[in-house]
Amino acid sequence: MVESKTPVQGFGEAAEADVLHQIPEDERVWFADRERLGWVFCVGLSRYASERSGRKTGAMFRLVTPATGKPNFECRLQCSVGSKSVTLTSGPCGSSREAFERAMGQAAGLPFHDELNWQEALREKVPFDGMRAPKFVNSVAIGMPAIVCSLHWGNREHSREVHSSSHVSRVDAFNDAIELALAMGPAPAASLASVKQVPSARPIAWVSAVRSQTGDRLGGAQVSVDFLAAGADVICRIGWGNASRRSVQSQPKATRVVAFDQAMLLLKRTLVESTNQDPPVVVPRPKSGPMGAQDRALLSEAKERWGVERAWLMRLHNPSTAQIQRLHDLNTFQVLLDSLRCYEIDRGARDVALGRITRELQRIHGEQTDSAKRIRFASSLRALLGKRFAEAGEAVTLTPSFANQVMSRGYPPGIVIQELVKEQLLRRTPTGTLSVSTLGANLLERHIGIDVNPGSVGSSLPQGVMRMLLELKDAKAEGAAWI
């Protein structure tokens, strides 16, 4: 990939037709995407699209030349909708600006939030026996979503189902299916003759099963196992402790055995994480009080970096198991730091999540030191170069591998470039090209064998942040107001 004002043939339009003239002059650079042949992108244009739409939005363009010989431009936007990602396309247009505006017009019709607590809403609005979790199907891969919600309830003898019309939002499709279900009504109860008689099984000693699978990790703690009804499903809750009690619970499952197995996995993970903190950080409980500027700055930095990394993970076409788990963790972190949503996480699961977010905040806090920043700058330069060392004056380009590296660590590529230029590690010529400065070459030489510092896990957090985490851990009812 070679950087220039118009590195891709056909994208040198007149000012009134070129979409790049809507962004600052020093950012008007097209880059060819090597992973998607024929497509180009501009970092500044994606940032401009995000500002206009109010959501994370990536913009890509393609030049289409039909048989008539007149070139057409197509714009494709990747927009976030709640926890999902939607791809919109403009179709062939006469100019890149027209294609961009047409796609942005479609983005304006997307909902911002597309999630509900589906099980709770079902129990409240349609408490029919045997009601299962809703199923959503989007029949459109590119363009405005066409989502259909299906509801199923009843028993083996009498089962019922409804399917909504197509909607842009899951919430709208869900509400449509709710109206259809209410109009149909509950399914008749199963007759006694239809109930299959099974031989009586020996009851399971659930507490003994917990003891046998955890060994001596619970010590002398009292253990309890409870099963809660969730419609036609069941939830298993395992509690332990003496004066201070903790608990974990499963998701709704079809049988007690399946629910118990999932709760045991959560319990084992909690016990492992509680013993793997080496060394344990003992922090005296600070007195309650307002957050300071350092506390707010750390939380703001963390939220911004998590948002960038989350957007990058959602754009991956084939994420690994570790990347899927990381996306789940980032969603949990954002919920925990939202005073209106933190109680969506169960008390037992909240304890596990708090251990993870504490270590995450400690890592981000440790990366704020000058030495950690210099190591991060060196790593970013190596990603731009594609090698570990360079001479002063060597040109660099914004490659997809560089964008993936910095976004996986929570930094937008454009901001990283600005930082490197500001620190005089990169030089930007009047034509917009970038090259390694003498300071940048010296930095690479000093850190030739060092990669990004993951941060000090033992670094002490600001008092306000630690107090907020402790209060969230001990809270039993809503009413938190730390953010």
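Look up: the structure comes first, before these words.
Since the model is a prediction, treat every value here as computed from it, not as a measurement.

Side note on the sheet that holds strand E11 (residues 245–249)
Pairing is antiparallel in the open sheet, where three strands are placed in the order E9-E10-E11. Single-partner strands in this sheet number two, and they are strand E9 (222–230) and E11. Neighbouring strand axes in the sheet, compared pairwise and without regard to direction, differ in orientation by 20° on average. The pairing of E9 with strand E10 (residues 233–241) spans nine bridges and is classified as antiparallel.

Considering the packing of aromatic side chains
The geometry of an aromatic ring pair is captured by two quantities: the separation of the ring centres and the angle between the planes. Following the criterion strictly, the structure yields ten aromatic pairs and no others. Ring geometry for Phe11 versus Phe73: centroids 5.5 Å apart, planes at 75°, classification edge-to-face. With Phe11 in the segment before strand E1 (31–32) and Phe73 in strand E4 (residues 72–81), the pair connects residues that are 62 residues apart, well separated along the chain. Here Phe11 and Phe73 have matching classes, each one buried. Centroid distance Phe128 to Trp153: 5.7 Å. Interplanar angle 45°. Geometry classified as tilted. Linking Phe128 in the loop between helix H3 (118–125) and strand E6 (135–138) with Trp153 in strand E7 (residues 147–154), this pair joins segments that are 25 residues apart in sequence. Judged by relative accessible area, Phe128 falls into the buried class, the value being 14%.

What to know about the environment of Ser379
Relative to the helices and strands, Ser379 is located in helix H10 (residues 370–385). Counting along the chain gives 27 residues from Ser379 to Val406, while the straight-line C-alpha distance between them is 9.2 Å.

Some details on the packing of H10 against helix H13 (residues 438–446)
Put simply, H10 and H13 touch, their axes get as near as 9 Å, and they point 105° apart. Relative to H13, H10 is oriented roughly perpendicular. Mapping the contact onto sequence places Arg374, Phe377, Ala378, Leu381, Arg382 and Leu385 in H10 and Gly440, Leu443, Leu444 and Arg446 in H13. When its residues are assigned to classes, the contact of H10 with H13 shows six nonpolar, one polar and three charged.

Looking at unusual backbone geometry
Peptide bonds are trans in most cases, and residues, glycine excluded, mostly fall at negative phi. Its identity is not glycine, yet Gln424 carries a phi of approximately 65°, on the positive side. Topologically, Gln424 is positioned in the loop between helix H12 (413–422) and strand E13 (426–428).

Here's the deal with the nonpolar core
Grouped together as the largest cluster of nonpolar side chains are 46 residues, with contacts concentrated most on Trp306, Ile357, Leu361, Phe402, Leu420 and Leu426. Sorting elements by how many residues they give to this core places helix H7 (residues 293–315) first, with seven residues. Counting 25 residues, the second largest nonpolar core, distinct from the first, contains Cys42, Phe73, Ala99 and Met104.

Let's talk about H12
Looking at H12, one finds that the buried residues are Pro413, Gly414, Val416, Ile417 and Leu420. For H12, the arc enclosing every buried residue in end-on projection is 160°, short of the 170-degree limit, so these residues lie on one face. In the core, the buried residues of H12 are packed alongside helix H1 (43–53), H10, helix H11 (400–407), E13 and strand E14 (434–436). Two residues or fewer after H12 comes Gln424, characterised by a positive phi angle close to 65°.

Observations regarding the sheet that holds E13
Strand order in the open sheet made by the three strands is E12-E14-E13, with antiparallel pairing throughout. Edge positions in the sheet fall to strand E12 (395–396) and E13, since each of these pairs with one other strand and no more. Packed on one face of the sheet, H12 meets E13 and E14 and runs near 100° to E13.

Let's talk about the side chain of Ser95
Relative to the elements of secondary structure, Ser95 occurs in the loop between strand E5 (84–89) and helix H2 (96–107). Residue Ser95 is classed as buried on the basis of its relative accessible area, which comes to 13%. Only 3.1 Å separates the side chain of Ser95 from the backbone nitrogen of Glu98, close enough to count as a polar contact. Residues in contact with Ser95, not counting those within four places in the same chain, are Glu13, Ala17 and Phe73.

What to know about the pattern of salt bridges
When charged atoms on two side chains of opposite charge get close, those side chains can pair. Counted by the stated rule, this structure contains seven salt bridges. In this structure, Arg52 engages Glu101 in a salt bridge whose closest nitrogen and oxygen atoms are separated by 2.9 Å. Residue Arg52 is located in helix H1, and its partner Glu101 is located in helix H2; the two are separated by 49 residues in the primary sequence. Classification of Arg52 by relative accessible area gives partly exposed; the value is 40%. Here the residues in one salt-bridge network are Arg62, Glu74 and Arg76, joined through shared partners.

The rules behind each value
Residues numbered from 1 in each chain as written. Predicted model: local features only at pLDDT ≥ 70, side-chain atom pairs only at ≥ 80, totals over all residues. Heavy atoms only, no water. Pairing = 2+ DSSP bridges. Helix = DSSP H or I, 4+ residues; strand = E, 2+ residues; numbered from the N terminus. Axes fitted to C-alpha atoms, helices over the stretch in contact; angles between N-to-C directions. Phe/Tyr/Trp six-rings, centres within 6.5 Å; stacked < 30°, edge-to-face > 60°. Buried < 20%, exposed > 50% of the residue type's maximum accessible area, 1.4 Å probe, protein only. Parallel < 35°, antiparallel > 145°, perpendicular 65-115°, else oblique. Contact = heavy atoms within 4.5 Å. Nonpolar A, V, L, I, M, F, W, Y, C, P; charged D, E, K, R; others polar. Core = buried A, V, L, I, M, F, W, Y, C linked by side-chain atoms within 4.5 Å. Arc of directions from axis to C-beta. Polar contact = N/O pair within 3.5 Å; in protein donor to acceptor, adjacent residues only side chain to side chain. Salt bridge = Lys/Arg side-chain N within 4 Å of Asp/Glu carboxyl O.

Interpretation in functional terms is not warranted from these geometric data alone.
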